[in-house]
Amino acid sequence: MKALLAVLPLSFWLASPAMAETLRSTTSAQIIDDSEDTRQYRYFTGVMAQTDAAPRHRFGAGVGYHHIRDDAGVSRFRLARFDHEYHPGPDTALISSVSPLRGDDWSPVMGDVRLTHRFSPIVYGELSAERNYVDTVTAIDNEWDLKSYSASVDVGPLNHWTLVGAYTFQDIGDDNERNIYVGRVIHDFPWWSPLMVEGRSRILRSQFNATGYFSPPKLDEHLLAATYRRPVLDDRWYVSARLGTGIQRVNDGSSENLFEMEVSFRGWFTDHWGLETGASCRNTVEFFARGAGDGYRYCQATAAIMRSW
C-alpha cells in the first residue's frame, strides 16, 4: 500500500513547492543499522522532469550506491535508475522504474511497476509488481532475488474511518514462496485533526524456514499505532511522529512485544530548495536477523535535499 486515504490531506500538500515545477533534482542518503552489527548505506542522486504534453508524463534518471555489511561479509552495488510516471487522468497513474545494478559478483536488473486508481471519492486501489534483492550478504552471495506481486484497496474516509486490505505474493530466489495479508483500520479525530490512530494486523506464511534471512513459516503481528502530524512554520513545513506497540508470534512460539517509532520533517526553505528527513526504530524487520525479542533493534535515518525549477 503506497497510499492511505486518512493521511492524504496532510502529507501530499508538500509534494511540490508553491511554484509549478518542471524539473526536480533529489540527492539522498540513508543509513540502516541493527543491534547485531548489520549496517547499510544507500546513496542516490537523480532528476525528474515533467513534459507539457497531455496526458501528463514525467521522466527521471539517476545513479546510486548500496553498501551492505553483516556477519557474513560485505556486498556493494552501483546502480542506475530510470523512472517514468504516466497520468492519463486525475484519478489514474502508472508509475514504473528500472534499475541495472553492478555488484562485485552479481549484476542483476531490478525494477517495479505500480498502477493506482481512485474509483470514487472513498475507494482507492493499487496493483504493483517488483523485482529486488534480499538485502542480506548471504542472500546476495547466493544471488537470490525477490519478486513481489501486490494488490490493495483503501475504503474511506467513512465518518473519519478508513479500511485498508492488502495481499502480497513473494517468490524468492531460493525457491521460497510467501503470502502476506495485511489489514488496517485507521481513524482520524475530527476534534483534533493532527491525531491519527491505526490498528494493523499482518499475517505471513512462508513455504519453509529460510536460511540467510528472516522468514519463518508462520508469523502473526498485531500493532496499535498513533501518529501526530501537522504543518508548521507558515505551512511550508510538515512534521510527523508515530509510536506503535503490539505483539508478534513466530510459528507456534510465545508472543513477543512489538514496538516502533518514527519521526519525519520535510518542507521547502524557498520555492526552489527543500528538505526531507526521517528516522525510525523498531524491534523486528523482514529479511534481517530475526523477530522481536531479546533486545533486538533495527534503526534507520534518511535525509534528502531537493532542488526545484
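Residues numbered from 1 in each chain as written. Predicted model: local features only at pLDDT ≥ 70, side-chain atom pairs only at ≥ 80, totals over all residues. Heavy atoms only, no water.

### Comments concerning a nonpolar patch on the surface
Selection criterion: For patch building, the residue pool is restricted to those with more than 30% relative accessible area and no salt bridge; the joining distance is 9 Å between like charges and 5 Å between nonpolar side chains (Val, Leu, Ile, Met, Phe, Trp, Tyr). Each accessible area is a Shrake-Rupley result for a 1.4 Å probe, and residues are judged covered by the shown protein chains and nothing else. Salt bridge criterion: a side-chain nitrogen from Lys or Arg within 4 Å of a carboxyl oxygen from Asp or Glu. To qualify as a helix, a DSSP run of H or I must reach at least 4 residues; to qualify as a strand, a run of E must reach at least 2; elements of each kind are numbered from the N terminus.
On the surface, a cluster of nonpolar side chains totalling about 310 Å² of accessible area is made up of L94, V113, L115 and L127. By secondary structure assignment, the location of V113 is in strand β6 (residues 109-120).

### What to know about the side chain of Q30
Basically, it comes down to this: Buried, partly exposed and exposed residues are distinguished by accessible area as a fraction of the type maximum, computed with a 1.4 Å probe on protein chains only: under 20%, between the cut-offs, and over 50%, respectively. Polar contact criterion, stated in full: a pair of N or O atoms within 3.5 Å, where within protein one must be able to donate a hydrogen and the other to accept it, and residues adjacent in sequence count only if both atoms are side-chain atoms. Throughout, a contact is declared for two residues whenever any of their heavy atoms are within 4.5 Å.
Checked against the element boundaries, Q30 lands in strand β1 (residues 23-34). The exposure class of Q30 is buried, given its relative accessible area of 18%. Here the side chain of Q30 touches Q300 through a polar contact of 2.6 Å, side chain to side chain. Look past the residues within four positions of Q30 in its chain and what remains in contact with it is Q40, Y41, R42, Q300, A301 and T302.

### A look at the pairing of strand β5 (residues 92-103)
As a reminder, the rule being used: For two strands to be treated as a pair, DSSP must find at least two bridges joining them.
Side chains A93, I95, S97, S99, L101 and G103 of β5 all project onto a buried face; the interleaved residues T92, L94, S96, V98, P100 and R102 project onto a face where none is buried. For strand β4 (residues 73-89) and β5, the ladder comprises nine bridges, and the chain directions are antiparallel. Note on β5: the bridge partner recorded for E85 is I95. The turn linking β4 back onto β5 is made up of two residues. Relative to β6, β5 runs antiparallel, the two being bridged by nine bridges. Each bridged residue has a counterpart across the sheet, and for P100 the counterpart in β6 is V109. Linking two consecutive strands that pair antiparallel, namely β5 and β6, is a turn of five residues.

### Details of the state of the cysteines
Test applied: What counts as a disulfide here is a pair of cysteine sulfur atoms lying within 2.5 Å.
Scanning all chains against the criterion turns up one disulfide. Disulfide pairing places C281 opposite C299 at an S-S distance of 2.1 Å. Of this pair, C281 sits in strand β15 (residues 273-282) while C299 sits in strand β16 (residues 298-308); the two residues are 18 residues apart in sequence, bridging distant segments of the chain. You can call C281 buried: its relative accessible area is 11%.

### Focus: the confidence of the model for the protein chain
Our working rule: For every residue, the predictor reports its confidence as pLDDT, a number between 0 and 100.
Averaged over every residue, the pLDDT of the protein chain is 90; residues scoring 70 or more account for 90%. Predicted confidence is poor over residues 1-14, with pLDDT under 50, and the contacts of this stretch with residues over four places away or in other chains come to 48 contacts.

### Overview of the pairing of strand β8 (residues 145-158)
Sheet faces and side chains relate simply in a regular strand, where the side chains alternate between the two faces. Relative to β8, strand β7 (residues 123-133) is paired through 11 bridges, and the arrangement is antiparallel. Residue pairing across strands places V123 opposite V155, the latter belonging to β8. As paired strands, β8 and strand β9 (residues 161-172) are joined by 11 bridges and run antiparallel to one another. Bridging from a neighbouring strand, K147 pairs with D171 of β9. Taken together, β8 and the strand that follows it, β9, pair antiparallel across an intervening segment of two residues, in which N159 is found at a positive phi of about 55°.

### Notes on unusual backbone geometry
For the bond running from G156 to P157, omega is 5°, close enough to zero to count as cis. Tracing the backbone shows P157 in strand β8. A positive phi angle, close to 60°, is found at D234, a residue other than glycine. Judged by relative accessible area, which is 77%, D234 ranks as exposed. Positioned with a positive phi, D235 is a non-glycine residue whose angle comes to about 65°. Locating D235 in the fold gives a position in the loop between β12 (218-232) and β13 (237-250).

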